[in-house]
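Commentary on secondary and tertiary structure
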Amino acid sequence: MKIRKVLTLLIFLSILAIMSLSAFAVSNSNLTNKFQSNGDLIQGWYWLRDNNIQDYAQWTFENILSGDNDLTLDFTVLATDRQNGGRGFPADFLLIYEVPGGNVFITQKVNLPNVSSANDPVGYTCSGQVIIPRSDLQGASVLFLRAERISPHTNHVAFNKDSIKIIETTAEENYPPYQGNQLPDTNNQNEAFLIQPGIYNGSLGGQISGGQRDSEDWYSINLQAGQIINLQLTQPSTGYFTLYLRPPELTSNVGTATIQDNTKTLQYIANITGIWYIKIIRSSGEGEYQLSINIQNQNDADSNRDAGDTPEQAIALYPGIFTGFLQRADNVDWYSINLQEGQTINLQLSMPSDASFGLSLTRPGSTSGAGSVQTQDKIKTLQYVANVSGIWHIKITRSSGEGEYQLSVNISGYQSGQTDQSQSGSSQIFTANKFYSNGNLIQGWYWLRDSALKQYAEWTFENVPPGNTDLTLDITALATNQADGGRGFPAKFKLIYGFPGSGLMGGVFQTMEVTLPNTSPRSDPVGYTCQGLIIVPRSFTPGASTFFFRIERISSNDNHIAFNQESITLFTEEPSSGFSEIQKPRTK
Ligand SMILES: [Ca+2]
Ligand SMILES: [Ca+2]
Ligand SMILES: [Ca+2]
Ligand SMILES: [Ca+2]
């Protein structure tokens, strides 16, 4: 009986060994997986969305093969901002993992980008990978994973059994065991040992096989295009070593290391996604070195990525102030913006004091620059009247230096001759000092679209000179008939206006119903733009210099409408031409 048991065990082990050999050749994502969640089950997904953040989802993975390779968790998750919420939101949650025995208990914050395609009906899909270092497993073959929301204010997230797939990356069997942060010795590019960001120790100058001296070490790392890699090599006082970085499938190195004290630093921005190589060469001496690897994502215009290097990879902007980043390996950032014929775009670029960046604007379908750039100190400005409606492009280029820039984008609805006070003389223009909306923020616009009609947008204009002339509001809104709805719909809403007095909504307030026509040109990709002028009499607010405007939908059957801070421009006198007034106020 005992012998039979041993034999069975031996057969079982040899089967496992064969399985593991075959598994080494390919990724394995078919591990036993138990799943449980107390979230709200909706169409196969468990939503974690309670205010007490007691909701969780948890998985148990068994039969994880032993080895030296790290585990890659491949996540597919849904996220949105609220019940029946908007599209495009990222998934932020806490990932907690444990192995049996309780020696390992690790919590980390995970942020997965929203990867929903434009034709995804709800736009909730997020995906990404999280690496669990093999050393965290401490030899265990079972891994418990648990996901919880970070706070009641973070996006709702949903999981199911298949939300996590464990990919055991291909093992490199000829490598010595990978012990903590002590790097194994390698001697050519083919042996490069795949590592994650972290701090490691290695050595050069000692004896290796064949009685030779260890004169080079190779490592590799996975980089996404646009990521910034920071390498730091601290060499021993008894040695002089050099640090190199090599892109995928190239035989030449990139970047230049700088040296301070005993530390060499090399920073580079990946222009290609793939496996990059790190090479450390001994020039003289010997000893232990420390290699520190840090990877940062770019976050141009809050996109969580690099603004692309071609117009096709541009990040879409709306009026506002954005921050971006340029560096030696990232010389160009492209943005796009939708302009209507006759609108004036005002661009302002500020850059670091030791950098020189260029600014240009290109027409739809063209690559030649429009307008001329004015430079003062470290600020470049460009003003241009769009002579055609469509998607225009903004290009920021690096000439020298590096660092963060700020791009301010302002659009006004009138031609520059009319908006320029010195030329028109009679009209003063104001943009809102304060704006707030509880609508669903999608690409810079707050959508009012809830059936309970609780969503609103509010603007406050301050320091408007007192006078008797009526106020003119130039309102730009987006409108459509449903989530991801059709083009050409008008924007209908209730405009509440007045000036603040004592207490909440003290002052004097009036309400009017407004319908803005849809003014989208045929070339507008979504056809949601509505625009028109509204006249607000000043007679009811003599002497007021602060004005308050609030917009709400009138009925839940009304079209969805969207606004942002720039949606209302206030004129102290009606502009002389260009637009016609669409509606007289009907005070209620
Ligand atoms: Ca070595
Ligand atoms: Ca070596
Ligand atoms: Ca960039
Ligand atoms: Ca770029």
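Counting restarts for each chain: residues are numbered from 1 in the order of the written sequence. Chain letters start at A and ligand numbers start at 1, both assigned in the order the entries are written. Under the rules for a predicted model, residues below a pLDDT of 70 receive no local features and side-chain atom pairs below 80 are neither given nor counted, while totals for whole chains, interfaces and linings still include all residues.

1. What to know about the overall build of the protein
Definition in use: Comment: elements are numbered from the N terminus, with helices defined as DSSP H or I runs of at least four residues and strands as E runs of at least two. Three exposure classes are used. Buried residues have 20 or more other C-beta atoms within 10 Å of their own C-beta, exposed residues have 12 or fewer, and partly exposed residues fall in between, all C-beta atoms being placed from the backbone. Note on contacts: residues are paired as contacts if their backbone-placed C-beta atoms lie within 7 Å.
Each helix and strand in the protein was counted, giving 3 helices and 44 strands. By residue count, 32% of the 588 residues in the protein fall in the buried class. In the protein, the proportion of contacts linking residues at least 24 apart, taken out of those at least 6 apart, comes to 75%.

2. Focus: the confidence of the model for the protein
Going by this rule: The quantity known as pLDDT measures the predictor's confidence residue by residue, on a range of 0 to 100.
Looking at the protein, the pLDDT average stands at 81 and 84% of residues meet or exceed 70. Within the model, pLDDT remains below 50 along residues 6-28, and this stretch shows 12 contacts once partners closer than five positions in the same chain are excluded.

3. Quick word on the sheet that holds strand S23 (residues 315-316)
Quick reminder of the rule: Paired strands are those between which DSSP finds at least two bridges.
Taken together, the 4 strands give an open sheet; going across it, the order is S23-S25-S30-S27, and neighbouring strands pair in mixed fashion. Where the open sheet ends on each side, the last strands, each with one partner, are S23 and strand S27 (356-362). Taken together, the 7 bridges between S27 and strand S30 (residues 390-400) define a ladder with antiparallel strand orientation. Bridge pairing links Leu 359 to Ile 396 in S30.

4. Regarding the sheet that holds strand S26 (residues 344-350)
What links the strands of a sheet is backbone hydrogen bonding, and the strands pair in either a parallel or an antiparallel sense. To keep things clear, this is the line we draw: To get an axis, fit a line to the C-alpha atoms, keeping to the stretch in contact for a helix; angles then go from 0 to 180 degrees between the N-to-C directions.
If you walk across this open sheet you meet the 5 strands as S24-S31-S26-S29-S28, and the pairing is antiparallel. Of all the strands in the sheet, the pair left with one neighbour each is strand S24 (320-326) and strand S28 (373-376). Looking at each pair of strands side by side, their axes are set apart by 20° on average, direction ignored.

5. With respect to the nonpolar core
Worth spelling out the cut-off: Nonpolar core, as used here: buried Ala, Val, Leu, Ile, Met, Phe, Trp, Tyr and Cys residues forming one set through C-beta atoms within 7 Å.
Core analysis: the largest hydrophobic core is formed by 36 residues, its most contacted members being Leu 473, Ala 477, Ala 479 and Ile 561. Broken down by element, this core gets its largest block of residues, 6 residues, from strand S37 (residues 471-480). Residues contacting Ala 479, with those up to four places away along its chain left out, are Phe 489, Pro 490, Ala 491, Asn 518, Tyr 528, Cys 530, Asn 559, His 560 and Ile 561. Ranked by size, the runner-up nonpolar core spans 25 residues in total, among them Leu 183, Leu 231, Leu 266 and Ala 270.

6. Things to note about unusual backbone geometry
Located in the positive-phi region is Asn 63, a residue other than glycine, with phi close to 60°. Mapping Asn 63 onto the fold places it in the loop between strand S4 (56-62) and strand S5 (71-80). One non-glycine residue, Asn 463, adopts positive backbone phi at about 60°. Tracing the sequence through the fold places Asn 463 in the loop between strand S36 (456-461) and S37.

7. Quick look at the environment of Tyr 289
Tracing the backbone through its elements, the reader meets Tyr 289 in strand S22 (residues 287-296). Residues Tyr 289 and Gln 235, spaced 54 residues apart in sequence, show a C-alpha to C-alpha distance of 4.7 Å. Residues within four places of Tyr 289 in sequence aside, it is in contact with Gly 202, Ser 203, Leu 204, Leu 233, Thr 234, Gln 235, Pro 236, Phe 241 and Ile 280.

8. Regarding the pairing of S28
Bridge count for S28 against strand S29 (residues 379-385) is 4 bridges, and the pairing is antiparallel. The partner of Gln 376 across the bridge, within S29, is Ile 379. Here S28 folds back onto S29 in antiparallel fashion, the turn holding 2 residues, of which Asp 377 has a positive phi close to 50°.

9. Focus: the environment of Leu 231
With respect to the helices, strands and loops of the structure, Leu 231 is situated in strand S17 (residues 228-234). What makes Leu 231 buried here is the crowd of 23 C-beta atoms within 10 Å. As for Leu 231 and Leu 245, which are separated by 14 residues in sequence, their C-alpha atoms are 8.8 Å apart. Once residues within four sequence positions are removed from consideration, Leu 231 is found in contact with Leu 243, Leu 245, Leu 266, Ile 278 and Ile 293.

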